[in-house]
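What follows is the residue order along each chain.
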There are 2 protein chains.
Amino acid sequence: MAQLTVGSAIAKARDLLIASGVPAQEAETTARCIVASDRWGIGSHGLMRLPFYLARLQAGGIKASAKLKVVTDLPSLVIFDGDDGLGHWQLQKGAEVAAERAQKNGIAAVGIGRSNHCGALGIYVWPMINKGLVGIAFSTGPAVMPPWGGNSTLLSTSPIAAGIPTDPPTVIDLATSAVARGKIQAKAQAGAELEPGWAFTKDGAPTTDAKEALAGMLAPLGGVKGYAIAVLVESLTGMLIGPTLAKNIPDMFAADQDRKSQEISHFIIAIDAAKLSVDGENSRTTDFAEYVAGAGGRLPGSNRVNPESLNGDDEITITDQVADQLAQWSSKLGI
Amino acid sequence: MAQLTVGSAIAKARDLLIASGVPAQEAETTARCIVASDRWGIGSHGLMRLPFYLARLQAGGIKASAKLKVVTDLPSLVIFDGDDGLGHWQLQKGAEVAAERAQKNGIAAVGIGRSNHCGALGIYVWPMINKGLVGIAFSTGPAVMPPWGGNSTLLSTSPIAAGIPTDPPTVIDLATSAVARGKIQAKAQAGAELEPGWAFTKDGAPTTDAKEALAGMLAPLGGVKGYAIAVLVESLTGMLIGPTLAKNIPDMFAADQDRKSQEISHFIIAIDAAKLSVDGENSRTTDFAEYVAGAGGRLPGSNRVNPESLNGDDEITITDQVADQLAQWSSKLGI
């Protein structure tokens, strides 16, 4: 494992993106969003992904010079065409626009189509939290789950994130699959059985055999209810925004598909929390946080630091493999 | 079991509500929403509840003459004070207002505080579906789930409903608890064990003992992820709208609390589905429905008939107990 500071990690990621043709500001935002995920301890969505973004930038699957193009502009709804650009800066920008419109109109949403993977979705509810708003975000990706009872994959891990301006802030960030594929891989390597409800065989039968599951499909969290939630996520992204369903989204880890754009879509809602109160009272956020602590629980994500004000001196850990890959890309791009 | 037509059931429910002091139009809407639940096969949220609404109307816990009062009116967000009225007509009205605003602004939301139980939440996404919009609804109720790892109840079953204008329409309608309390009662009566993940003891330990579970607490669907989703629901209802948290909401089945208003809150979002498309293409809804069927699955709720155009000649079934209770109320109210 290698340790580095948040500040140096952001600088390294930014420089690699700039050397790949990404404009400075978009590179800086993207680098910060990537490293925030590592700072949150979600290495799977942080710097580990950067070599794959760089490969796709080089092959053309991600367009370095992409601009956000306004397709629809209603008072409370803006739809952008992402022009095959990086998901991180596009979703950050989308969240800022949604927040601004929500402050005027009470609620607002931004959809971004033809974009790319955005890392940890929970990052993008912080522009709302930081303005005292509620943020809810949805995204899509390659299909890994079948419809309930079905025998082929149609739904992505169908992530949902939400931020609520409690103290500390509540950050919800979850995939609608029961577990991540990595957890099944770990069980397979350990020769262990899966818990019931994690996965299906390739024909759609429930299985607790890790190897069958790896050749098969992920299961939705909580059974058929999770399937229904995943359908909502796919509806608000690939189906209604588009331009494509999860079914057609190529795997970002498959090098032979690096030239193929992913055409991922994101949807983000901002709600002015302070305007919701029926009685002018806003102290219930404090009450609820206290009750949760008093019952021996904790608010979701309350250990996630604010990605819009990271401390550059904090340390993050990456694997030696990721450190090597980044070093190779640095020399390849002449940094 | 007793059979009756949808038309006669609506007339009976309406007459009982009118005899309890509810104005004719609100009584008609409420009766239709109640019976739609029975028509959907969700008897637990249909006529079975009517005797309890009537008891609360008589005792004062529900106010028959309630009006919706505008508290906040922003272009895309309206907050109503429900004045302790019946949840059904209030949420139906709220959904209609949200749909109208969304058609102007792209997205809109309505919050209703100080209201009451609304039956099956999925009923109220139909005003959106019928206009080609997406609807998402949240509601709250008495606390039955602890925070994750906690030892006392803070969260309601935290229902979420969503409607998507696919063909047939997608209707999502679920509680965020793993199972309903009724399912645990049935297991207890049968002397059977629960499945893991359904319930906690009163101290918050996971249990598969149905009797311990009945004295204990419901568990969220899919573990900690379901808890996070339930926190989002409570945030958008009891916490931010108010006037009260789930923790303080009295049980509608407890006769000794019939005089105490429940102060339930609802939140509903409408999104103009046709405006979301990044490429002007709207055929992906058809594609998705076909792919789901082709994979051997089905869209959530695709068997739920449109509650805004029920067929009065269709038949529904209620238990003899419910039929008796309604007959007693009819004679009590002089119908």
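Residues numbered from 1 in each chain as written. Chains lettered and ligands numbered in written order. Predicted model: local features only at pLDDT ≥ 70, side-chain atom pairs only at ≥ 80, totals over all residues. Heavy atoms only, no water.

**Student:** Looking at this structure, I do not really get empty space enclosed by the protein. What am I missing?
**Tutor:** The gaps of empty space that remain are located by a probe, the size of a water molecule, rolled over the atoms. The tally for this structure, following the rule as stated, stands at one cavity of 30 Å³ or more. Within this model, the largest cavity holds a volume of roughly 190 Å³. Lining the largest cavity are 16 residues, and of these Phe138(A), Ile160(A), Leu232(A), Ile160(B) and Leu232(B) lie nearest its centre. Only strand E5 (134-139) and helix H8 (224-239) of chain A together with strand E5 (134-139), strand E7 (170-174) and helix H8 (224-239) of chain B provide two or more residues apiece to the lining of the largest cavity. With three residues, H8(B) is the single largest residue contributor to the lining of the largest cavity. (1 Å grid on protein atoms, 1.4 Å probe; cavity = no way out; pocket = protein on both sides within 12 Å on 5 of 7 lines; lining within 4 Å. Points joined across faces, edges and corners; volume = space filled by probe spheres on them. Helix = DSSP H or I, 4+ residues; strand = E, 2+ residues; numbered from the N terminus.)

**Student:** Looking at this structure, I do not really get the interface of chain A and chain B. What am I missing?
**Tutor:** For an interface, size is often stated in terms of accessible area lost upon the parts coming together. With 77 residues of chain A in contact, the opposing surface of chain B contributes 77 residues. Here chain A and chain B share an interface that buries about 6,100 Å² over both sides, 75% of which is from carbon and sulfur atoms. Run the count over chain A and chain B and you get zero salt bridges. Across the chain A-chain B interface, the total number found is 25 residue pairs in polar contact (both at pLDDT 80 or more). The element best represented in the side of chain A that touches chain B is H8(A), accounting for 11 residues. Class assignment of the residues belonging to the side of chain A that touches chain B gives a composition of 45 nonpolar, 21 polar and 11 charged. (Contact = heavy atoms within 4.5 Å. Buried area = accessible area lost by both parts, 1.4 Å probe. Salt bridge = Lys/Arg side-chain N within 4 Å of Asp/Glu carboxyl O. Polar contact = N/O pair within 3.5 Å; in protein donor to acceptor, adjacent residues only side chain to side chain. Nonpolar A, V, L, I, M, F, W, Y, C, P; charged D, E, K, R; others polar.)

**Student:** Got a minute to help me understand the side chain of Arg32(A) in this structure?
**Tutor:** All names here are of chain A. Note that Arg 32 resides in helix H2 (residues 24-39). The buried charged residue Arg 32 lacks any salt bridge partner; its closest oppositely charged side chain belongs to Glu 308, at an N-O distance of 4.8 Å. The contacts of Arg 32, once residues within four sequence positions are left out, are Ile 10, Gln 92, Pro 307, Glu 308 and Leu 310. (Buried < 20%, exposed > 50% of the residue type's maximum accessible area, 1.4 Å probe, protein only. Lys, Arg positive; Asp, Glu negative; His and termini not counted.)

**Student:** Sorry, what's going on with the pattern of salt bridges here?
**Tutor:** Evaluated as defined, the whole model comprises 26 salt bridges over all chains. For Asp81(A), the salt bridge identified is with Arg114(A), shortest N-O distance 3.2 Å. Highlighted residues: Asp81(A) in strand E3 (residues 77-81) and Arg114(A) in strand E4 (residues 107-115), separated in sequence by 33 residues. Look at Asp81(A) and you get buried, because its relative accessible area is 13%. Of the charged contacts in the structure, one is a salt bridge between Arg56(B) and Asp258(B), with a shortest N-O distance of 3.7 Å. Taken together, the residues Arg56(B) in helix H3 (residues 50-59) and Asp258(B) in the loop between H8 and strand E11 (264-271) connect sequence positions 202 residues apart. A single burial state applies to Arg56(B) and to Asp258(B), both of which are buried. Salt bridges sharing partners connect three or more residues here, namely Arg14(A), Asp15(A) and Glu28(A).

**Student:** Explain the packing of aromatic side chains here, please?
**Tutor:** Centre distance and the angle of the planes are the two values used to describe a pair of aromatic rings. Using the criterion set out here, one finds six aromatic pairs over all chains in the structure. Above the ring of Tyr291(B), the side-chain terminus of Lys247(A) is found at 4.2 Å from the ring centroid. The residue whose ring lies beneath Lys332(A) is Trp329(A), and the NZ or CZ to ring-centre distance is 4.4 Å. (Phe/Tyr/Trp six-rings, centres within 6.5 Å; stacked < 30°, edge-to-face > 60°. Lys NZ or Arg CZ within 6 Å of the ring centre and 35° of its normal.)

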